[in-house]
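Given next are the chains, with one letter for each unit.
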Amino acid sequence: MEILPDIIIVDTALYIKPEKVLIISDLHIGYEEALHHKGVLLPKTQLKTILLQLKHIFIKVKPKIIVINGDLKHEFGKILRDEWSDALKVIDFLLKHCQKVIVIQGNHDPLVTPITQKRNITVVQEYRVRNICITHGDALVETNAKILIIGHEHPAITLREKSKYETYKCFLQGTWKRKKCIVMPSFNPLLEGTNVLKERLLSPFLNDIKHFTVFIVSNNKIFNFGKIKNL
């Protein structure tokens, strides 16, 4: 499904068709290990699920460039054992399916450079494709681009039917200072995200989202749910 002209939603990723650029956001590799350190024990399935999601995406699109839009790793102040090994496994898998990988620094990435240097990948603050600026979204940027693509927020919506609640990851598309703005969900399978219908949002780009349109991702299908103000 096109969310804007030539920009396609592919599962929880975005694909810019003319330049063959695939964007994934907020992998938060190491999240499981961070939970283990807090006493929350989960089976370690995150890496396997991420690679499986990517395999499905590569069946649909053949990118030349893959952009990781922030928060490649999860832990702020150190590099966990799983972050070293799993992040490199993901990067190596991506490099098999494209010509170049670009990592945009997220707010969880102050120590990501030692990992990316292992594969000679430069970490940047933003990446420009034509009139599109891709940036993590935790801080405002000055740009003359007409389209902004951000992550950081992990948007989701929780829908209720009688006593049953279900939370779905979603994309948001709206306007910020006369620029088109797309907000991406987290690619991490364990992070459902922030319920944009009720919870306070963190990104400075999202002070007023009532006119943003919601695109729900469910079972690899995309559904246009209309504007937030009508939900």
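Residues numbered from 1 in each chain as written. Predicted model: local features only at pLDDT ≥ 70, side-chain atom pairs only at ≥ 80, totals over all residues. Heavy atoms only, no water.

Caption draft 1: Just the pairing of strand β10 (residues 147–150), in detail. The side-chain alternation of β10 yields two buried faces, one formed by Ile147 and Ile149 and the other by Leu148 and Ile150. Bridging between β10 and strand β13 (residues 179–183) involves four bridges; their strand directions are parallel. Bridge assignment links isoleucine 150 to a residue of β13, and that residue is valine 183. (Buried < 20%, exposed > 50% of the residue type's maximum accessible area, 1.4 Å probe, protein only. Helix = DSSP H or I, 4+ residues; strand = E, 2+ residues; numbered from the N terminus. Pairing = 2+ DSSP bridges.)

Caption draft 2: Representation of the packing of helix α2 (residues 46–60) against helix α3 (residues 81–95) within the structure. In the contact formed by α2 and α3, the axes pass within 11 Å of each other and the chain directions differ by 10°. On the basis of their axis angle, the class for α2 and α3 is roughly parallel. Listed contacts from α3 to Leu47, Ile50, Leu51, Leu54, Lys55 and Phe58 of α2 are Asp86, Lys89, Val90, Phe93 and Leu94. Classifying every residue of the contact of α2 with α3 by side-chain character gives eight nonpolar, no polar and three charged. (Axes fitted to C-alpha atoms, helices over the stretch in contact; angles between N-to-C directions. Parallel < 35°, antiparallel > 145°, perpendicular 65-115°, else oblique. Contact = heavy atoms within 4.5 Å. Nonpolar A, V, L, I, M, F, W, Y, C, P; charged D, E, K, R; others polar.)

Caption draft 3: Structural detail: the packing of aromatic side chains. Per the stated rule, a full pass over the model turns up two aromatic pairs. Between phenylalanine 58 and phenylalanine 93, the ring centres sit 6.0 Å apart and the planes meet at 40°, which makes this aromatic pair tilted. Placement of phenylalanine 58 in helix α2 and of phenylalanine 93 in helix α3 is noted, with a sequence separation of 35 residues between them. By relative accessible area, which is 4% here, phenylalanine 58 ends up buried. With a relative accessible area of 14%, phenylalanine 93 lands in the buried category. Centre to centre, the rings of tryptophan 176 and phenylalanine 205 are 4.7 Å apart; their planes meet at 70°, and the pair counts as edge-to-face. Here tryptophan 176, found in strand β12 (residues 164–176), pairs with phenylalanine 205, found in the loop between β14 (194–195) and β15 (213–218); they are 29 residues apart in sequence, far enough to count as distant. Comparing tryptophan 176 with phenylalanine 205, the two get one shared label, buried. (Phe/Tyr/Trp six-rings, centres within 6.5 Å; stacked < 30°, edge-to-face > 60°.)

Caption draft 4: Just the sheet that holds strand β6 (residues 100–104), in detail. Taking strand neighbours across the sheet as the criterion, the seven strands line up as β1-β2-β3-β4-β5-β6-β7 in an open arrangement whose pairing is mixed. On the outer flanks of this sheet lie β1 (2–4) and β7 (123–124), each paired with one strand and no other. In the sheet, strand β3 (residues 13–16) pairs with strand β4 (residues 21–24) via three bridges, with the strands oriented antiparallel. Looking across to β4, one finds that tyrosine 15 is bridged to leucine 22. The sheet contacts of α2 involve β2 (7–10), β3, β4 and β5 (65–69), and relative to β4 the element is tilted by about 155°.

Caption draft 5: Representation of α3 in the model. Taking 1.5 Å per residue, 15 residues should reach 21 Å; α3 reaches 22 Å between its end C-alpha atoms and fits that length. Every buried residue of α3 is accounted for by Asp82, Glu83, Asp86, Ala87, Leu88, Val90, Ile91, Phe93 and Leu94. Residues of α3 that are buried make contact with β4, α1 (31–37), α2, β5, β6 and α4 (113–116). (Expected span 1.5 Å × (residues − 1).)

Caption draft 6: Highlighting the state of the cysteines. Per the stated rule, a full pass over the model turns up zero disulfides. Of the cysteine sulfurs around cysteine 133, a residue in no disulfide, the closest is that of cysteine 181, at 10 Å. Judged by relative accessible area, cysteine 133 falls into the buried class, the value being 0%. (Disulfide = S-S within 2.5 Å.)

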